[in-house]
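Each chain, letter by letter, is given below.
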Amino acid sequence: MSVVSSIKIKHFMIGYLSLLIVYIAVFFNNYFALISSAVTVSMYVVCDLAWTYWRQRVWYVPLSSVISGLVLSMVIAPDPSFAPAIFLPFIAVIGKQLFHFGKERHLLNPAAFALAMASFVAPLVAWWGPSTSRTPASFGGFLRPDAANILFFILLLGGLYILWRQNKWMVAVAFFAAQAFFLMLISLADGIDLPITEILSSRLFNGVTIFFATVMLIEPMTSMFGDWKNEFIYGFIVGVVTIAIGYVEQNFSFISLDTLIFGLIIGNFIAGIWFLPSKPKAVPQPSSHRV
């Protein structure tokens, strides 16, 4: 077993997300983000531990709670009032604890659920962390990278490692395939003059989409559907829904939703119901009566 493959994925996720937050805070001079992130993670851990102990009278090491808190920290903009850092983890824990199929699968991604619910009150979804990254504008950008370029490659390489370790290639591939296909159809139908490659690059090959597809979309407890075919369908559904929400939002003024967050929530729900685990059939017990 190699050193790379021996690292436990939850430990890697905590280190990876923590590194991203520290890197962004230092290189983009946003040190308050470190405090805000610490509050978000702490509140998530406290709420999750307290709820679990109240229901089951057990204590555990909350690695998943730390990961979810770090994900929230990457998406919500640091707020001096600390209100999002305090209340969003509580909402996420409600979604985690109440909406699930048995003990093995959540119905909704907890972080996305909290962000979706809170967005009806205030525009909290900023993707402030991954949106700070930038792809090199030219080949020279690869040779002389700045902080934003380096962040993009950290997101890309870290995301590929997560996909490999989680074996969630089909989910991510299906998501990007659906996005690319329907973006091309909409662009052709609308007669957009920009090259298709430029449209796809700006919408798909960016830090936000990569972070979403390699961290939030493949969250284990909401993306387990038995086999690769079901996982492909799940990823494709999320990709289609995100494009549909964006199209409706662009052409009609009655909604204003974050396409990725609400696409994930709707995709979680559709796939969760579609692939609802079947209840085991009762096996007839042999009769003890002897003739």
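Remember, it's a predicted structure, so these values are computed and weren't measured experimentally. (Residues numbered from 1 in each chain as written. Predicted model: local features only at pLDDT ≥ 70, side-chain atom pairs only at ≥ 80, totals over all residues. Heavy atoms only, no water.)

**A few points about helix 11 (residues 207-216)**
Here is step 1: A large share of helix 11 lies buried, amounting to ten of its ten residues.
Here is step 2: Within the sequence span of helix 11, burial applies to Gly207, Val208, Thr209, Ile210, Phe211, Phe212, Ala213, Thr214, Val215 and Met216.
Here is step 3: The distance from a side-chain oxygen at the start of helix 11 to the backbone nitrogen of Val208 is 3.1 Å, and the residue carrying that oxygen is Asn206. (Buried < 20%, exposed > 50% of the residue type's maximum accessible area, 1.4 Å probe, protein only. Helix = DSSP H or I, 4+ residues; strand = E, 2+ residues; numbered from the N terminus. Polar contact = N/O pair within 3.5 Å; in protein donor to acceptor, adjacent residues only side chain to side chain.)

**Observations concerning the packing of aromatic side chains**
Here is step 1: Taken as a whole and judged by the stated rule, the model has 19 aromatic pairs.
Here is step 2: Between Trp51 and Trp54 the ring centres are 6.4 Å apart and the planes differ by 80°, which places this aromatic pair in the edge-to-face class. With Trp51 and Trp54 both in helix 3 (residues 32-56) and three residues apart, the pair spans about one turn of that helix.
Here is step 3: In this structure Trp51 comes out as buried when scored by relative accessible area, which is 17%. (Phe/Tyr/Trp six-rings, centres within 6.5 Å; stacked < 30°, edge-to-face > 60°.)

**A few points about the pattern of salt bridges**
Oppositely charged side chains may form a pair once their charged atoms are brought near each other.
Here is step 1: For the coordinates displayed, the defined rule picks out three salt bridges.
Here is step 2: One salt bridge in this structure joins Lys96 and Asp48, with 2.4 Å as the shortest N-O distance. Remark: Asp48 occurs in helix 3 and Lys96 occurs in helix 5 (residues 83-98); sequence separation between them is 48 residues. Exposure class is identical for Lys96 and Asp48. Each is buried.
Here is step 3: Taking the shortest distance from any N to any O, the salt bridge between Arg134 and Asp146 comes out at 2.1 Å. (Salt bridge = Lys/Arg side-chain N within 4 Å of Asp/Glu carboxyl O.)

**A few points about the side chain of Thr242**
Here is step 1: Its place among the elements puts Thr242 in helix 12 (residues 228-251).
Here is step 2: With residues near it in sequence (within four places) discarded, Thr242 still touches Phe175, Gln179, Thr259, Leu260 and Gly263. (Contact = heavy atoms within 4.5 Å.)

**Some thoughts on unusual backbone geometry**
Here is step 1: Positive phi, normally seen in glycine, also occurs at Trp127, with a value near 50°.
Here is step 2: Inspection of the secondary structure puts Trp127 in the loop between helix 6 (110-119) and helix 7 (139-143).
Here is step 3: The class for Trp127 is buried, based on a relative accessible area of 6%.
Here is step 4: Positive phi, normally seen in glycine, also occurs at Asn167, with a value near 55°.
Here is step 5: In this fold, Asn167 is placed in the loop between helix 8 (147-166) and helix 9 (169-190).

**Some thoughts on the packing of helix 9 against helix 12**
Here is step 1: At a minimum axis distance of 7 Å, the contact between helix 9 and helix 12 shows a crossing angle of 35°. Here helix 9 and helix 12 pass one another in a crossing that is right-handed. Taking contact as the criterion, the partners of Met170, Val171, Ala174, Phe175, Ala178, Gln179, Phe182, Leu183, Ile186 and Asp190 in helix 9 are, on helix 12, Trp228, Glu231, Phe232, Tyr234, Gly235, Phe236, Val238, Gly239, Val240, Thr242, Ile243 and Tyr247.
Here is step 2: Here the contact of helix 9 with helix 12 is composed, by residue class, of 16 nonpolar, four polar and two charged. (Axes fitted to C-alpha atoms, helices over the stretch in contact; angles between N-to-C directions. Left-handed = near helix turned anticlockwise from the far one by under 90°. Nonpolar A, V, L, I, M, F, W, Y, C, P; charged D, E, K, R; others polar.)

**Structural notes on a nonpolar patch on the surface**
Here is step 1: A contiguous nonpolar surface patch, about 540 Å² in accessible area, is contributed by Val22, Val26, Phe27, Tyr31, Leu34 and Ile35.
Here is step 2: If you list the elements that add at least two residues to the nonpolar patch, you get helix 2 (9-27) and helix 3.
Here is step 3: In terms of residue count, helix 2 provides more of the nonpolar patch than any other element does, three residues in total.
Here is step 4: Its place among the elements puts Tyr31 in the loop between helix 2 and helix 3. (Patch = residues over 30% accessible without salt bridge, like charges linked within 9 Å, V, L, I, M, F, W, Y side chains within 5 Å. Areas by Shrake-Rupley, 256 points an atom, 1.4 Å probe, with all protein chains shown as cover.)

**Structural notes on the confidence of the model for the protein**
Here is step 1: Per-residue confidence for the protein gives a mean pLDDT of 84; residues scoring 70 or more make up 85%.
Here is step 2: When mean pLDDT is taken per element in the protein, helix 11 scores highest with 95 and helix 7 scores lowest with 61.
Here is step 3: A low-confidence stretch, residues 278-291 stays under pLDDT 50, and its non-local contacts, those more than four residues away or across chains, total zero contacts. (pLDDT = per-residue confidence, 0-100.)

**Describing the packing of helix 6 against helix 13 (residues 259-274)**
Here is step 1: The contact between helix 6 and helix 13 brings their axes to 9 Å, and the two run at 120°. Looking at the two axes, helix 6 sits oblique to helix 13. By crossing handedness, the relation of helix 6 to helix 13 is classed as left-handed. Residues Ala112, Phe113, Leu115, Ala116 and Ser119 of helix 6 form the contact with helix 13, whose own contacting residues are Ile261, Phe262, Leu264 and Ile265.
Here is step 2: Tallied by class, residues from the contact of helix 6 with helix 13 come to eight nonpolar, one polar and no charged. (Parallel < 35°, antiparallel > 145°, perpendicular 65-115°, else oblique.)

**A few points about the nonpolar core**
Taken as a class, soluble globular proteins show a tendency for nonpolar side chains to be buried jointly.
Here is step 1: Ranked by internal contacts, the top residues of the largest apolar core, which has 68 residues, are Leu17, Trp127, Phe211, Phe212, Met216 and Leu217.
Here is step 2: The dominant element in this core, judged by the number of residues it contributes, is helix 2, at nine residues. (Core = buried A, V, L, I, M, F, W, Y, C linked by side-chain atoms within 4.5 Å.)

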